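Each chain, letter by letter, is given below.
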Amino acid sequence: MKVGTDGVLLGAWVGVHPTDHRILDVGTGTGVIALMMAQRAPEAQIVGVDIDDVTEAHENAANSSWATRLAFEQCPIQEFVSAQPFDLIVSNPPFFVDSLTCPDDGRTIARHAVSLPFEELCSAVMRLLTPEGHFAVVLPIIEAERFLNVSKGRLVPIRRTEVRTTPRRAPKRVLLEFMRVDSVGSKKQLACSELIIGTGRHEEYTPEYRALTRDFYLKF
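Residues numbered from 1 in each chain as written. Predicted model: local features only at pLDDT ≥ 70, side-chain atom pairs only at ≥ 80, totals over all residues. Heavy atoms only, no water.

Chemist: Just give me the short version of helix α2 (residues 32-40), but keep the residues and values in it.
Modeler: Of all nine residues in α2, seven are buried, a share of seventy percent or more. Buried within α2 are the following residues: Val-32, Ile-33, Ala-34, Leu-35, Met-36, Met-37 and Ala-38. Residues of α2 that are buried make contact with α1 (5-13), β1 (22-26), β2 (45-50), α3 (55-62), β3 (70-74) and β4 (86-91). (Buried < 20%, exposed > 50% of the residue type's maximum accessible area, 1.4 Å probe, protein only. Helix = DSSP H or I, 4+ residues; strand = E, 2+ residues; numbered from the N terminus. Contact = heavy atoms within 4.5 Å.)

Written as structure tokens, this is what we have:
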């Protein structure tokens, strides 16, 4: 199973409530986040959707303890239809980071993937989320600000955690959790925090990162 740090961070960080009975993983890939949701929400039904092949996700789910509560569908989220909305939606969406360097001034331009523009991701969340539901996403710093601009007026951020790889490095990722504006209003107080993954020494992780992810990493 391919396991990326971004996905593990999101799956461990997002708030999972007792009322989250239906969970959707957008861009599920190998199903890592969906499996984490199944582990954290023992009574929930989890659906993973991806534009790419989901065979590995099916195989990983079949080899887990939660196979009966996991389902996967190969389908663009823009076309995905569900008979019931979801209480929680999570996404580690596709994006290109440092994909183009300008030779004139050296600036690096980040752009999100053409398969899932942020406007369409936001629209899908609004269409598939219950009125009181919540949505969580992990993005690079620049992309996070773009998503915040796109979602303004529809989704309001309630939690934000900036992630540093070491204490000396600038934040590279942002974990964001949202609710619908029409359910909480536009002035909902935002809870902000920071997470540092490593101490700066080789393969030495901070106590905070270990505490957050130890239920999912055998080495912790």
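Chemist: I'd love a proper account of the packing of aromatic side chains, names of residues and values included.
Modeler: The tally for this structure, following the rule as stated, stands at seven aromatic pairs. Ring centres of Phe-135 and Phe-178 lie 6.0 Å apart, and the angle between their planes is 25 degrees; this geometry places the pair in the stacked category. Here Phe-135, found in strand β7 (residues 129-140), pairs with Phe-178, found in strand β9 (residues 173-180); they are 43 residues apart in sequence, far enough to count as distant. Phe-178 sits in the buried class, given a relative accessible area of 0%. One aromatic cluster is present, built from ring pairs that chain together Phe-118, Phe-135, Phe-147 and Phe-178. Cation over ring: Arg-22 sits above Phe-86, and NZ or CZ is 4.3 Å from the ring centre. Of note, Arg-159 hangs over the ring of Trp-13, and the distance from its end group to the ring centre comes to 3.9 Å. (Phe/Tyr/Trp six-rings, centres within 6.5 Å; stacked < 30°, edge-to-face > 60°. Lys NZ or Arg CZ within 6 Å of the ring centre and 35° of its normal.)

Chemist: For unusual backbone geometry, give the residues involved together with the corresponding values.
Modeler: Phi at Glu-203 takes a positive value of approximately 50 degrees, unusual for a residue other than glycine. Along the chain, Glu-203 falls in the loop between β10 (191-196) and α7 (207-213). Judged by its relative accessible area of 61%, Glu-203 falls in the exposed class.

Chemist: Report on the confidence of the model for the protein chain, specifying residues and quantitative values.
Modeler: For the protein chain, per-residue confidence averages 89 on the pLDDT scale, and 90% of positions sit at 70 or higher. Every residue in residues 96-112 is under pLDDT 50, and counting partners more than four places away or in other chains gives 26 contacts. (pLDDT = per-residue confidence, 0-100.)

Chemist: Any chance you could break down the layout of surface pockets for me, citing the residues and the numbers?
Modeler: Empty space within the largest pocket amounts to approximately 630 Å³. Taken together, 30 residues form the lining of the largest pocket, with Gly-27, Thr-28, Gly-29, Asp-50 and Asn-92 sitting closest to its centre. Classifying every residue of the lining of the largest pocket gives 13 nonpolar, 10 polar and seven charged. (1 Å grid on protein atoms, 1.4 Å probe; cavity = no way out; pocket = protein on both sides within 12 Å on 5 of 7 lines; lining within 4 Å. Points joined across faces, edges and corners; volume = space filled by probe spheres on them. Nonpolar A, V, L, I, M, F, W, Y, C, P; charged D, E, K, R; others polar.)

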